[in-house]
There are 2 protein chains.
Amino acid sequence: MRRKITLKHIARELEVSISTVSKALKNSNEISRDTKDKIQAFAKLYNYKPNNIAISLKNKRTKNIGVVIPDIVHHFFTTVFRGIEKYANKRGYNVIVCVSDESFDREVINMEMLANGSIDGFIMALAGETQLKKDYNHLKEVTEQGIPLVLFDRVTDEIRCDKVVLNDAEIAFEATMSLINSGRQRIALITTDNFFSVSNSREVGYRKALKKGNIEFNEQLVLRLPYDEDIDGIEPFLKSNKIDGLLSVNEIFAIHCMSVAQRLGYTIPNDISVIGFTDGILSKYSTPKLTTIAQHGDKMGEMAAKLLIEKIENDFDEENEVFTTEIIKATLVKRESTIN
Amino acid sequence: MRRKITLKHIARELEVSISTVSKALKNSNEISRDTKDKIQAFAKLYNYKPNNIAISLKNKRTKNIGVVIPDIVHHFFTTVFRGIEKYANKRGYNVIVCVSDESFDREVINMEMLANGSIDGFIMALAGETQLKKDYNHLKEVTEQGIPLVLFDRVTDEIRCDKVVLNDAEIAFEATMSLINSGRQRIALITTDNFFSVSNSREVGYRKALKKGNIEFNEQLVLRLPYDEDIDGIEPFLKSNKIDGLLSVNEIFAIHCMSVAQRLGYTIPNDISVIGFTDGILSKYSTPKLTTIAQHGDKMGEMAAKLLIEKIENDFDEENEVFTTEIIKATLVKRESTIN
DNA sequence: TATTAACACGAAAACGGTTTCGTAATTCTC
DNA sequence: GAGAATTACGAAACCGTTTTCGTGTTAATA
């Protein structure tokens, strides 16, 4: 087993000092052509590669970024992650992922694990539990240590840092308006228990559109479900309410609504038009294909990584630092579950 | 900005040596109760946490594992990753993910980036391009350096290392048999261009079942598509072949087959029974719900992480090391797209 | 020829820990 | 009360780099 070779080995072998080897490999002109040639040839021959850990220790830069997200199986987070990873890699950074699994404790533990030198900065979406508890001390902790932090999607006003969010309210407004404009009057909203900042924003947009369309908001037409995959409430809801349009805050609810509605004899989009959030595979491969809101996770991830790396590399001036909130524009992808 | 505190700071402040601080914090009984109390209290007060990088450099262990996968949006890889992350975290390891995007070059670059001290071991599924090229030098490189490697799902015989695979052939056999046993005679196979070891194995199982069922293999009934989302070939295929059963090597093909078949007037499962691979959300939320093969990605990931960490922590005896190949048993999840 | 400049290299500190070993001071043993 | 054992701590090496600074040798300059 050919162990990794170090500067020391090369130095010993070539009977020069470690500093000479180091400089020669950096092509410093402190070192003569001859010596450089000799050392470089030797290094290449033995496939010398500097040890990242040593370099990290030396310049207090790991070139790693930490990503803490609630879930990695969820399509949206996955695409964001892909965006992060792609951009980060292009800039020479590696990405360490920790999944909080919507748990406050795991979020805290994960951050602590990483905050002790393993990473140069964080990109995070808050766990559901964290948003519920409204306890952000672990975030304060790291920002006070001077570790750059970028929040995306699930953010909070209580932490001063860069953020990347979707124009949730606006796009929900736009989507609802499009339902109204196609003649829908009894428009349901299927959402989650409102712990998530995003669900709230979407409901705001929904209500605003109703108001603009002169439709009175009706709590009866709002179904609040606990979790992503807890869809049993949908069937009774659809049975006991006459609706002709529907906005869901995710794909799964929307798809399930369509399937229940079809089973109940409605045709889509004529009897009921449906719009979902998240442009994942479910939307593309459902029958009918779901009109949905593309959140452009890749873009969000890329933006988050960009903001973070900028913060990391430009030693910002300590005190009166400026924080930006970038808004990613969602788009309505029209497919077969809505009219025109 | 409260910068991170080091042993040196504590030592200076308390007027003791660095070694004393280090030992005191480890509760060494080389140090008197009094001194320990004083140092520990101080450390706690200033929230001292040892620097991971320094520790890594010292004991040549990073407690990081590198995961290189072709795709992170794909459901199967996502679940494997979740399994890895969960287990690794439990054992105190962090996970660095790199996405090869099915590209040989990116796979090589990613491995090189990580192999210089950033990680203690690799978990990988080979990129499509790598399997095509059959060039595994980058894998040889790392194993020769003594870096433990575990391959999963997309593996190769040419590299001696631990592996975790699915019983692809067996389960494909079983699935096909179940179609045959429910009276199906003209069973199609929808697969990918056979660069992937797994597609090959599945076809083997399919053929074996046909043989056992005394059905002659018919190349006409095999559709080989280039990529996961390249599904245009399906409609002509279904139009020009009379089939009554179908096995697909992934979810997407299967779902799309169902939707095309339904559009062509077939009823599922009576006219055509369909079985897919991958028990993702598509299968659960399609209409009808897809009978599919659960690959238990979480389990594969967990097993891969377990094997890897064992290798990392038990300094294996260099030369005649033993490598194991763990087989994860897939299961057939019966839903609505097959009979009974 | 004496002085200076340029060249080519090495010693050593530093990054932040861990660990081995040496040693004063105290306590124990006979 | 002398020698041995124990206690409590510090010095220093080490992990693998980078980088500053010092210095001996040679070449250029006056």
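Residues numbered from 1 in each chain as written. Chains lettered and ligands numbered in written order. Predicted model: local features only at pLDDT ≥ 70, side-chain atom pairs only at ≥ 80, totals over all residues. Heavy atoms only, no water.

Draft legend 1. Structural detail: the relation of the copies chain B and chain A. Each copy of the sequence occupies a distinct position, and chain B is placed on chain A by a rotation of 180° and an axial shift of 0.0 Å, giving an RMSD of 0.1 Å. The relationship between the two copies is best expressed as a two-fold rotation axis. When each C-alpha of chain B is compared by its distance to the rotation axis, Ile96(B) comes out closest, at 2.1 Å. Interface residue correspondence from chain B to chain A reaches 100%, placing this contact among same-surface, isologous pairings. (Least-squares fit on C-alpha atoms with pLDDT ≥ 70 in both. Contact = heavy atoms within 4.5 Å.)

Draft legend 2. Just the packing of helix α1 (residues 7–14) of chain A against helix α2 (residues 18–25) of chain A, in detail. Residue and element names in this part refer to chain A. At a minimum axis distance of 8 Å, the contact between α1 and α2 shows a crossing angle of 110°. In terms of orientation, α1 lies roughly perpendicular with respect to α2. In this structure, α1 contributes Leu7, Lys8, Ile10 and Ala11 to the contact, and α2 contributes Ile18, Val21, Ser22 and Leu25. Class assignment of the residues belonging to the contact of α1 with α2 gives a composition of six nonpolar, one polar and one charged. (Axes fitted to C-alpha atoms, helices over the stretch in contact; angles between N-to-C directions. Helix = DSSP H or I, 4+ residues; strand = E, 2+ residues; numbered from the N terminus. Parallel < 35°, antiparallel > 145°, perpendicular 65-115°, else oblique. Nonpolar A, V, L, I, M, F, W, Y, C, P; charged D, E, K, R; others polar.)

Draft legend 3. Up close: the nonpolar core. Membership of the largest hydrophobic core comes to 150 residues, with the highest contact counts inside it found for Ile123(A), Phe152(A), Ile123(B) and Phe152(B). With sequence-adjacent residues up to four places away left out, Ile123(B) is seen in contact with Ile65(B), Gly66(B), Val67(B), Val68(B), Ile84(B), Val150(B), Phe152(B), Ala304(B), Ala305(B) and Leu308(B). Formed by 40 residues, the second largest nonpolar core is a distinct cluster that contains Leu114(A), Cys98(B), Val142(B) and Leu151(B). (Core = buried A, V, L, I, M, F, W, Y, C linked by side-chain atoms within 4.5 Å. Buried < 20%, exposed > 50% of the residue type's maximum accessible area, 1.4 Å probe, protein only.)

Draft legend 4. Representation of the pattern of salt bridges. Residue and element names in this part refer to chain A. In total, this model carries 30 salt bridges over all chains according to the counting rule given. For the salt bridge of Glu219 with Arg224, the shortest nitrogen-to-oxygen distance reads 3.2 Å. Residue class for Glu219 comes out partly exposed when judged on its relative accessible area of 42%. Of the charged contacts in the structure, one is a salt bridge between Glu235 and Lys239, with a shortest N-O distance of 3.2 Å. (Salt bridge = Lys/Arg side-chain N within 4 Å of Asp/Glu carboxyl O.)

Draft legend 5. Broad picture of the packing of helix α9 (residues 168–181) of chain B against helix α10 (residues 197–212) of chain B. All names here are of chain B. Orientation of α9 relative to α10, taken along the N-to-C sense of each, is 40°, at an axis distance of 7 Å. When the axes of α9 and α10 are compared, the pair comes out oblique. For the crossing formed where α9 meets α10, the hand is right-handed. For the pair formed by α9 and α10, the contact residues are Asp168, Ala169, Ala172, Phe173, Thr176, Met177 and Ile180 on the first element and Val198, Ser201, Arg202, Gly205, Tyr206, Lys208, Ala209, Leu210 and Lys212 on the second. Taken together, the residues of the contact of α9 with α10 sort by class into nine nonpolar, three polar and four charged. (Left-handed = near helix turned anticlockwise from the far one by under 90°.)

Draft legend 6. Local environment of the domain arrangement of chain A. Considered domain by domain, chain A is made up of domain 1 (7–50), domain 2 (62–165 + 298–328) and domain 3 (168–295). Placing the centre of domain 1 of chain A and that of domain 3 of chain A at their C-alpha centroids yields a distance of 65 Å. (Domains from an automatic or database assignment.)

Draft legend 7. Examining the interface of chain B and chain A more closely. With 56 residues of chain B in contact, the opposing surface of chain A contributes 56 residues. For the pair chain B and chain A, the summed buried surface comes to about 5,200 Å²; carbon and sulfur atoms form 57% of the total. For the pair chain B and chain A, the number of links is zero salt bridges. Connecting chain B to chain A are twelve residue pairs in polar contact (both at pLDDT 80 or more). Breaking the side of chain B that touches chain A down by element, the ones donating at least two residues are α4 (52–59), α5 (75–90), β2 (94–99), α6 (104–115), α8 (137–144), α12 (251–263) and α13 (281–285) of chain B. Across the side of chain B that touches chain A, the residue classes break down as 23 nonpolar, 21 polar and twelve charged. Of the strand pairs in this sheet, strand β2 (residues 94–99) of chain A and β2(B) are connected by three bridges, and their pairing is antiparallel. Residue pairing across strands places Ile96(A) opposite Ile96(B), the latter belonging to β2(B). (Buried area = accessible area lost by both parts, 1.4 Å probe. Polar contact = N/O pair within 3.5 Å; in protein donor to acceptor, adjacent residues only side chain to side chain. Pairing = 2+ DSSP bridges.)

Draft legend 8. Representation of the side chain of Ser286(B). Residue and element names in this part refer to chain B. By the element assignment, Ser286 lies in the loop between α13 and β10 (291–294). Among the polar contacts listed, one links the side chain of Ser286 to the backbone oxygen of Pro288, at a separation of 2.8 Å. In this structure the side chain of Ser286 is engaged in a polar contact, spanning 3.3 Å, whose partner is the backbone nitrogen of Leu290. Once you skip the residues sitting within four places of it in the chain, Ser286 turns out to touch Ile255 and Met258.

Draft legend 9. Looking closely at the protein's contact with DNA strand D. Close to DNA strand D lie 28 residues, the nearest being Lys8(A), Thr20(B), Lys23(B), Glu30(B) and Thr35(B). Among all atoms of DNA strand D positioned within 4 Å of the protein, those belonging to sugar or phosphate total 57%. Note that a phosphate oxygen of DNA strand D is positioned 2.8 Å from one of the side-chain N or O atoms of Lys60(B). Elements supplying a minimum of two residues to the surface near DNA strand D: α1, α2 and α4 (52–59) of chain A together with α2 (18–25) and α4 of chain B. A per-element tally of the surface near DNA strand D places α2(A) first, with four residues. Taken together, the residues of the surface near DNA strand D sort by class into nine nonpolar, nine polar and ten charged. (Near = heavy atom within 4 Å.)

Draft legend 10. Layout of the environment of His256(A). By secondary structure assignment, the location of His256(A) is in helix α12 (residues 251–263). When its relative accessible area of 15% is taken as the criterion, His256(A) is described as buried. Taking C-alpha positions, His256(A) is 13 Å from Tyr266(A), a pair spaced ten residues apart along the chain. Setting aside residues no more than four positions away along its own chain, His256(A) makes contact with Ile231(A), Ile234(A) and Tyr285(B).

Draft legend 11. Fine view of the protein's contact with DNA strand C. Around DNA strand C lies a shell of 29 residues, among which Thr20(A), Lys23(A), Glu30(A), Thr35(A) and Lys58(B) are the nearest. What you see for DNA strand C is that sugar and phosphate hold 56% of its atoms within 4 Å of the protein. Note that a base nitrogen of DNA strand C is positioned 2.4 Å from one of the side-chain N or O atoms of Glu30(A). At 2.7 Å, a side-chain N or O of Lys8(B) approaches a phosphate oxygen of DNA strand C. Broken down by secondary-structure element, the contributors of at least two residues to the surface near DNA strand C are α2 and α4 of chain A together with α1 (7–14), α2 and α4 of chain B. At four residues, the largest contribution of residues to the surface near DNA strand C is made by α2(B). Tallied by class, the residues present in the surface near DNA strand C amount to ten nonpolar, nine polar and ten charged.

Draft legend 12. Examining the pairing of β2(A) more closely. Residue and element names in this part refer to chain A. In terms of burial, β2 is largely enclosed, as six of its six residues are buried. Side chains Asn94, Ile96 and Cys98 project from β2 onto one buried face, and the interleaved Val95, Val97 and Val99 project onto a second face that is buried too. Across six bridges, strand β1 (residues 64–69) lies against β2 in parallel orientation. Bridge assignment links Asn64 to a residue of β2, and that residue is Asn94. Assessed by its sense of winding, the connection that carries the chain from β1 through helix α5 (residues 75–90) to β2 is right-handed. (Right-handed = clockwise from strand over helix to strand, strands pointing away.)

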